[in-house]
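Structural features, examined
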Amino acid sequence: MSEPRLPLLETKNLKKYYPLQRGMFGGGSGTVKAIDGISFYVEKGETLGLVGESGSGKTTTGRAILRAVEPTEGQVLFRLDDKGVIDFTALKKSDLRRFRQYVQMIFQDPYSSLNPRMTARDIIAEPLVASGLAKGSEVDDRVRQVAKRCQLNLEHLRRYPHAFSGGQRQRIGIARALVVQPKFVVCDEAVSALDVSIQAQILNLLMDAQEEYGLTYLFIAHDLSVVEHVSNRVAVMYLGRIVELAPTSKLFYQPLHPYTAALMSAIPDLDPDRVMKPVILEGEIPSPANPPSGCHFHPRCSFAQEICKTQTPEFKEYRPGQFAACHFAEQLELQGALKSN
Amino acid sequence: MASTPGVLGRLRLFRKTPPETKTNQAEDTYYTASQFQLMWWKFRRHHLALIGTFLLFIFLIISLFAEFIAPYDPFTRDAEYLFGPPQRLHFFDETGAFHFPPFIYGIEFAMDPKTFLLTITEDTSIKIPLEFFVHGEPYRMLGFIQSDIHLFGVSDGFVHLFGTDKLGRDIFSRVMFATRISLSIGVIGLLIAFFLGIIIGGISGFFGGRVDNTIQRFIEFIRSIPTLPLWMALAASLPKEWPPLQVYFAITIIIGLLAWTHLARRVRSKLLSLREEDYVTAAKIAGSSDQRVIFRHMVPSFLSYIIVDLTISFPYMILGETALSFIGLGLRPPVISWGVMLQDAQNVRAIALYPWLFAPLAFVILAVLAFSFVGDGMRDASDPYSR
Amino acid sequence: MTQTPLLEIKDLHISFPLDEGTVQAVAGVNLTIYPGQVMGVVGESGCGKSVTAQSLLRIIPPPGRIDAGQILFRPSKLFKDTKGDGVVDLAAFKSNDETLRRIRGNEIAMIFQEPMNSFSPVHTIGNQLMEAILLHQKMTEKEARARGAELLRLVGISNADARMDNYPYQFSGGMRQRAMIAIALSCTPSLLVADEPTTALDVTIQAQILDLLRRLQQQFGMAIMFITHNLGVIAQIADHVAIMYLGQVVEQGPVREILRNPKHPYTMDLLRAVPRLGKTAGKRLVAIEGGIPSPFNRPTGCPFHPRCSKVIPGVCNTHIPQLVQLDETHSVRCVLYEPKVPQPNPEPTDVRTAPAVA
């Protein structure tokens, strides 16, 4: 065993509530709990996958960590080697800008995430210029260096985004994130919009860059086979809460939470002889504005008991490194995903 | 059946995913084309917009050089030729011979024995050739160019291309001067609306929340008042004893004040939607300051929309002024605008007997159409990246 | 195979004349679907899979047009245009032809990626379902309503009678797709065209819809043309697969054969580029080099050659590969399998076909 690594990032009880307006005079009440008490840590150099279906709050989690949306409550702690622990959520606006260089983001949509009115060079240079990290020819040097790493044609840097294909645009987006040499990168569905053959190129690029620059990723995606491919550990979200967090193979093949098991059973396998037998969940995902009581998953869970309706299960470690929020995590014997042959 | 967004969307996407061949000059021009180049390329394909642009250019020339283009001062009277019909320009005489420059025939008066109305007909025995760059009434153009040369005229007597009004004033000359006033009202009114719209809309969209709510309700209140009565009330409240120039400015401000609501809403909604754009979030994460986010990323992307909106609301300004002046609450003589001129054409008698009094109406229609065409073309071109 | 085909697409060419140039969206597609078969059509963006599907119902968006080829369909009922052998050529109709309209929905039905766009937001689901039923079948409104509710139950919507009076916005994405399937099934078509029906759905819902489609296919015995970019979905639902690339079917055959024993270099590379559960974790994927070429700039010869790992210079960039029948059901369009390999062409390579850089 290697010596225990210190977590690079830790979120503590992170919450984001949106007020729900009812009526034209705004007198209504209620909140949408987009994320409701998210706590996890990410170790230096690892990739934490974050999966969940629409409305689970995985994108909000990524953005709340970056303070692209302001969290309602909770802490995001960064441990920087030279600066100690920084509470990202407590930073003032002016200080926050200085620390932006350590945390960056890669977006899902390679079209809307690049300003169409700026050249590729200016887009990649933006984090350097905006934060004043580099000036003059140093900007160009660093842009060219990172663009080359992302396998962009340097002659194309003065072109505008409309000149590039989806895959190339995503490379520009990655170059923009990497140009400031961040420690932590949130990849928000970074390959979801790409074609299969391009997706493999981008996944390879992300993994190579991780190794080369010692990056730490929070990899948000809905494609479970992609998440298995890149992640060391994976967290599963359901209606704003993490229901299970475990090392990848444990989570995929020995899940503890019934929802994880249902997700895993639904992955369409490439082997036509392994006909998937999806755990059919009752009904649909409830609205986050009006989540069920107790365990949010109970109305759709086939194992649900009385206690599930009234008490929110505690999120705790059942096996080494494997956390789950289920009253019956110890009793249930659940089937995970089928391995390809 | 259902719509099929996939294919067309993807086809459009193809246009922007050009071939990755070796850099070839023409392709490189396209790839490195900036926003305005792309917009111009798109605009160029819109034929009506090009026609509109051409018309607007002519209007601009007229407004700038009205003194030179008009053969006469707007107040010069041809006392012999009251309510005179337009004089036709002839290129061929009765023998079929071609003349250039064209000529006009002399005038013959006759009294209809039954109605006792004076009728004016052409006297084909007299030919008066049209001349270009003739010396006429002296003027001072744009306040400093002193001259007496006019674009065209006749050496003897008058030429009235659009006829004359009840005092014998040349309608063509008057329309030229009215164009200047009417368009300038549009421009100034628009500038007022532009600044109010950007500032109020900007505050509303940027701060959001209660400020936004208050401003929006206020805008809704203003918009719920029917425009014409409001204009009328405001215009009627102007003191009668104000000099015409002061009235002119007051009317401009009234029209501008009421047009900003539309613009403010557009600015607000654009700002709100831009705030959610991924690239704006990306700029924030890149560490850009608020100012940088606003001026480098947000303003450039909505400026083109605002310009389009301005162009499209221009006709409303012109129509507003025309309507007010027409009912006598707007500009007053001696200031001449299209609306003021149309006051003469308010009754059935005028329509029946002196249809040329409606010449300014043709200009109103042309101006409105030209602005609408250009606005249309600009709207199509304003987002060259639309998917 | 001795069975008579339900649908035979022969050398179909579809192009879109645009300002920027002409896009050859479909460039010689051959595809045969037998009654009761689930044909999966897989490909990346720009491969022409959706346009091919739309051409069956003649709903290609303008300015697309069919330049050449036949779409031979064998309806279960006879129409006046039916030829002696009971076959109609869908490609030969005008797009508003009476017979075509009767085939649409009645004989061939279609479901789409985003069912929200397929419903009118101002009418109830029940009304829209009844409208589809009454359009092609003679029954009273009451009967149609009963039939509509029955269909909703069939596609797994609980409380179907009450749900008939709901509006589309009251349905979730998965339920809308179910309702869409119910409409498609209302006239028991012999061919169901499914254009990426699960792409917009969450994975658990996707599994439900796939399960439903498989069940309904067995129950009704209809053929399905299932279009997707997801190879896993194909493996789960299809009997046969056609792999498309830039407007051509490059390989076609039974699903097991294609996924286990692919022949075309594109199919092989594509299968290697997909992350697979328990196999590729932490490893590098074998990516296909380059990007998908612009449709305005189709490579000469084999469309895949600029990205192909087995490219033969001088052959692949000049010679358009022929369809080679490897056995009764498996065919491939690659020069490697042609019995007589053409001699390399000594002419220099066109710069336009040089490998692309992504």
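Bear in mind the structure is a predicted one, so any value in this text is a computation, not a measurement.

**Looking at the overall build of chain C**
Scanning chain C from N- to C-terminus turns up 10 helices and 12 strands. At 22 Å, chain C has a C-alpha radius of gyration in line with the 21 Å of a compact globule built from 358 residues. Out of the 358 residues belonging to chain C, those deemed buried represent 52%. Long-range contacts, defined here as pairs at least 24 residues apart, represent 63% of the contacts in chain C between residues at least 6 apart.

**Quick look at the overall build of chain B**
For chain B, the helix and strand inventory stands at 14 helices and five strands. Against the compact-globule benchmark of 21 Å for 387 residues, chain B has a radius of gyration of 27 Å, which places it well outside the compact range. For chain B, the spread of C-alpha atoms along the three principal axes comes to 85 × 60 × 55 Å. The buried share of chain B, taken over its 387 residues, is 35%.

**Observations concerning the environment of His46 of chain B**
Residue and element names in this part refer to chain B. Position of His46 among the secondary structure elements: in the loop between α3 (35–44) and α4 (47–64). Since 19 C-beta atoms lie within 10 Å of it, His46 is described here as partly exposed. Discounting residues that sit within four places of it in the chain, His46 has contacts with Gly377 and Asp380.

**Focus: the interface of chain A and chain C**
With 43 residues of chain A at the interface, the matching set in chain C holds 39 residues. Looking at the side of chain A that touches chain C, the elements that each hand over two or more residues are α5 (166–178), α6 (196–213), α7 (224–230), α8 (248–253) and α9 (258–265) of chain A. Here the side of chain A that touches chain C gets eight residues from one element, more than from any other, and that element is α6 of chain A. Here the residues of the side of chain A that touches chain C are counted per class, giving 22 nonpolar, 14 polar and seven charged.

**Regarding the domain arrangement of chain B**
Examined at the domain level, chain B breaks down into domain 1 (87–160) and domain 2 (173–382). The centre of domain 1 of chain B, based on its C-alpha atoms, is set 39 Å off from the matching centre of domain 2 of chain B.

**A few points about the sheet that holds strand β3 (residues 38–42) of chain C**
Residues and elements named next belong to chain C. Read across the sheet, eight strands follow the order β6-β7-β8-β3-β9-β10-β12-β11 without closing on themselves; strand pairing throughout is mixed. Two strands close off the open sheet at either side, each with one partner strand: β6 (108–111) and β11 (324–325). Packed onto the sheet, helix α6 (residues 173–185) meets β6 and β7 (191–195) and runs at close to 170° relative to β6.

**Concerning the packing of helix α6 (residues 171–207) of chain B against helix α9 (residues 244–275) of chain B**
Residue and element names in this part refer to chain B. Look at α6 against α9: their axes get within 6 Å of each other, and the N-to-C directions meet at 35°. For α6 against α9, the interelement crossing comes out right-handed. Its residues assigned to classes, the contact of α6 with α9 comprises 21 nonpolar, eight polar and three charged.

**A word on the sheet that holds strand β1 (residues 7–19) of chain A**
Residues and elements named next belong to chain A. Overall, antiparallel pairing links the four strands, which are arranged β2-β1-β4-β5 in an open sheet. The open sheet terminates on both sides in strands that have one partner only, identified here as β2 (31–43) and β5 (84–87). Put simply, the sheet's adjacent strands are angled 15° from each other on average, direction ignored. Taken together, the 10 bridges between β1 and β2 define a ladder with antiparallel strand orientation. Across the sheet, Lys16 pairs through a bridge with Ile35, a residue of β2. Against the sheet, helix α1 (residues 58–65) makes contact with β1, β2 and β4 (73–80), and its axis sits at roughly 65° relative to β2, the strand it touches most.

**So, helix α10 (residues 278–285) of chain B**
Counting buried positions along α10 of chain B yields eight of eight residues, so the element is predominantly enclosed. Within α10 of chain B, burial applies to Asp278, Tyr279, Val280, Thr281, Ala282, Ala283, Lys284 and Ile285 of chain B. Packed against the buried residues of α10 of chain B are β6 (103–106) and α3 (120–130) of chain A together with α9 and α11 (290–326) of chain B. One or two steps after α10 of chain B, the chain reaches Gly287 of chain B, where phi turns positive at roughly 95°.

**Concerning the pairing of strand β12 (residues 322–325) of chain A**
Walk down a regular strand and you will see the side chains alternate between the two sheet faces. Residues and elements named next belong to chain A. Bridge count for strand β10 (residues 241–247) against β12 is two bridges, and the pairing is antiparallel. Bridging across to β12, Glu244 finds its partner in Ala324. As paired elements, strand β11 (residues 315–319) and β12 share four bridges and run antiparallel to each other. Each bridged residue has a counterpart across the sheet, and for Phe315 the counterpart in β12 is Ala325.

**What to know about the packing of α10 of chain B against α11 of chain B**
All names here are of chain B. Relative to each other, α10 and α11 sit at 150°, their axes nearing to 10 Å. Here α10 is positioned roughly antiparallel relative to α11, judged by the angle of their axes. The chirality of how α10 crosses α11 is right-handed. For the pair α10 and α11, the contacting residues are Tyr279, Val280, Ala283 and Lys284 in the first and Val293, His297 and Met298 in the second. Looking at the contact of α10 with α11 residue by residue, the class counts come to five nonpolar, one polar and one charged.

**Examining the confidence of the model for chain B**
Residue-level pLDDT values for chain B average 78, and 91% of them are 70 or greater. Predicted confidence for residues 1–23 of chain B stays below pLDDT 50, and this span has 50 contacts to residues more than four positions away or in other chains.

**Digging into the confidence of the model for chain C**
All names here are of chain C. Per-chain confidence: chain C averages 85 in pLDDT, with 92% of residues scoring 70 or above. Below a pLDDT of 50 lies the segment residues 348–358, which in the model reaches 32 contacts outside its immediate sequence neighbourhood of four places, other chains included. In the model output, the complex is listed with pTM 0.80 alongside ipTM 0.85.

**Things to note about the pairing of strand β1 (residues 7–18) of chain C**
Residues and elements named next belong to chain C. Pairing analysis gives 10 bridges linking β1 to strand β2 (residues 21–33), with the strands arranged antiparallel. For Leu12, the partnering residue across the bridge sits in β2 and is Val29. Remark: two residues form the turn of the hairpin made by β1 and β2, two consecutive strands paired antiparallel.

Cut-offs used in this document
Residues numbered from 1 in each chain as written. Chains lettered and ligands numbered in written order. Predicted model: local features only at pLDDT ≥ 70, side-chain atom pairs only at ≥ 80, totals over all residues. Helix = DSSP H or I, 4+ residues; strand = E, 2+ residues; numbered from the N terminus. Rg over C-alpha atoms; globule rule 2.2 N^0.38 Å. Buried ≥ 20, exposed ≤ 12 C-beta atoms within 10 Å, placed from the backbone. Contact = placed C-beta atoms within 7 Å. Nonpolar A, V, L, I, M, F, W, Y, C, P; charged D, E, K, R; others polar. Domains from an automatic or database assignment. Pairing = 2+ DSSP bridges. Axes fitted to C-alpha atoms, helices over the stretch in contact; angles between N-to-C directions. Left-handed = near helix turned anticlockwise from the far one by under 90°. Parallel < 35°, antiparallel > 145°, perpendicular 65-115°, else oblique. pLDDT = per-residue confidence, 0-100.

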